[in-house]
Amino acid sequence: QVQLVESGGGLVQPGGSLRLSCATSKTMIRFNAMGWYRQTPGKERELVAGITSGGSTNYADSVKGRFTISRDNAKSTVYLQMNSLKSEDTAVYYCNRLARPNSWGQGTQVTVSS
């Protein structure tokens, strides 16, 4: 198990942008597909974006065209660039491995409100 530390969340106006960061380990980011998840009160955690070790990406329909997942292996960091944010994007955002989840970090709160 490695520590996952999410950061970059905050309060943003609708239509605004945020970039989330996930600090992970060198081995995790190099050899695993990684994903960003989000969870709101009363709902299950949902996968919003994923990136394989080979660089292929996928997105939930709700965020396609607005969010971009990327990674920087040198910094052992996975990013989620979020543009054109909507109120329904409000959630706590988490990162983790896709195939064999690590223990969950604390997440980072994203609130989209006017």
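Structure report, in brief. (Residues numbered from 1 in each chain as written. Predicted model: local features only at pLDDT ≥ 70, side-chain atom pairs only at ≥ 80, totals over all residues. Heavy atoms only, no water.)

**Quick word on the nonpolar core**
Definition in use: Among buried residues, the Ala, Val, Leu, Ile, Met, Phe, Trp, Tyr and Cys ones that are joined through side-chain atoms within 4.5 Å form a nonpolar core. Between buried and exposed lies partly exposed: a residue is buried under 20% and exposed over 50% of the maximum accessible area for its type, with that area taken using a 1.4 Å probe on protein chains only. Residues are treated as being in contact if the distance between any of their heavy atoms lies within 4.5 Å.
By size, the foremost hydrophobic cluster in this structure holds 25 residues, and its most contacted members are Trp36, Leu80, Met82 and Tyr93. Every residue in contact with tyrosine 93, bar those within four places of it in the chain, is listed here: Glu6, Leu20, Trp36, Tyr37, Arg38, Phe67, Leu80, Met82, Gly107, Thr108 and Val110.

**Let's talk about the sheet that holds strand S8 (residues 77–82)**
This is how the line gets drawn: When DSSP locates at least two bridges between a pair of strands, those strands are taken to pair. A run of H or I in DSSP counts as a helix once it spans at least four residues, and a run of E counts as a strand once it spans at least two, with each numbered from the N terminus. Note on definitions: angles span 0 to 180 degrees between N-to-C directions of axes, and those axes are lines fitted to C-alpha atoms, for helices only across the stretch in contact.
Taken in spatial order, the four strands make up an open sheet running S1-S3-S8-S7, and their pairing is antiparallel. Of all the strands in the sheet, the pair left with one neighbour each is strand S1 (5–7) and strand S7 (67–72). Taking each pair of neighbouring strands and ignoring which way they run, the sheet shows an average axis angle of 15 degrees.

**A closer look at the pattern of salt bridges**
As a reminder, the rule being used: Any carboxyl oxygen of Asp or Glu within 4 Å of a side-chain nitrogen of Lys or Arg constitutes a salt bridge here.
If you walk through the whole model with that rule in mind, you get four salt bridges. Note that aspartate 61 and lysine 64 form a salt bridge whose closest N and O atoms lie 3.2 Å from each other. Note on aspartate 61: relative accessible area 67%, which makes it exposed. Residues joined by salt bridges that share partners form a network here, namely Arg38, Glu46, Arg66 and Asp89.

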